[in-house]
Amino acid sequence: MVHSLVLSLFLYFPEDKSEYIPAAISFVIFLIGAFITMRLIVKHSKKEAAKAKKLEEQILNNRTSDKNS
């Protein structure tokens, strides 16, 4: 009894299905925003990984040149 009362507070299924349109539009907007954000994060991560690899190679080259001297 209490369970169905609590669920009825949060669940609402409208008879008029046109009420779903604003929710669908906002969902699509946030989905696109999340996708763009994820792509930016991946792109930045790849740049940082390339920088780290370059720095690592530079450090390793310095070590080998110091040992050879």
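Here's what I pulled together on the structure shown here.

Procedures and definitions
Residues numbered from 1 in each chain as written. Predicted model: local features only at pLDDT ≥ 70, side-chain atom pairs only at ≥ 80, totals over all residues. Heavy atoms only, no water. Helix = DSSP H or I, 4+ residues; strand = E, 2+ residues; numbered from the N terminus. Buried < 20%, exposed > 50% of the residue type's maximum accessible area, 1.4 Å probe, protein only. Areas by Shrake-Rupley, 256 points an atom, 1.4 Å probe, with all protein chains shown as cover. Salt bridge = Lys/Arg side-chain N within 4 Å of Asp/Glu carboxyl O. Patch = residues over 30% accessible without salt bridge, like charges linked within 9 Å, V, L, I, M, F, W, Y side chains within 5 Å. Lys, Arg positive; Asp, Glu negative; His and termini not counted. Charge placed at Lys NZ, Arg CZ, Asp CG, Glu CD.

## Quick look at the overall build of the chain
- Helix and strand counts for the chain stand at two helices and zero strands.
- Expressed as a percentage of its 69 residues, the buried residues of the chain come to 1%.
- When the accessible surface of the chain is split by element, carbon and sulfur atoms take 68% of a total near 6,900 Å².

## Regarding the pattern of salt bridges
- Scanning the entire structure with this criterion turns up one salt bridge.
- Lys-51 is the partner of Glu-48 in a salt bridge, and the nearest nitrogen-oxygen pair spans 3.5 Å. Of this pair, Glu-48 and Lys-51 are both found in helix α2 (residues 20-68), three residues apart, which corresponds to roughly one turn of the helix.

## Some details on a positive patch on the surface
- On the surface, Arg-39, Lys-43, Lys-46 and Lys-47 cluster together into a patch of positive charge.
- Relative to the helices and strands, Lys-43 resides in helix α2.

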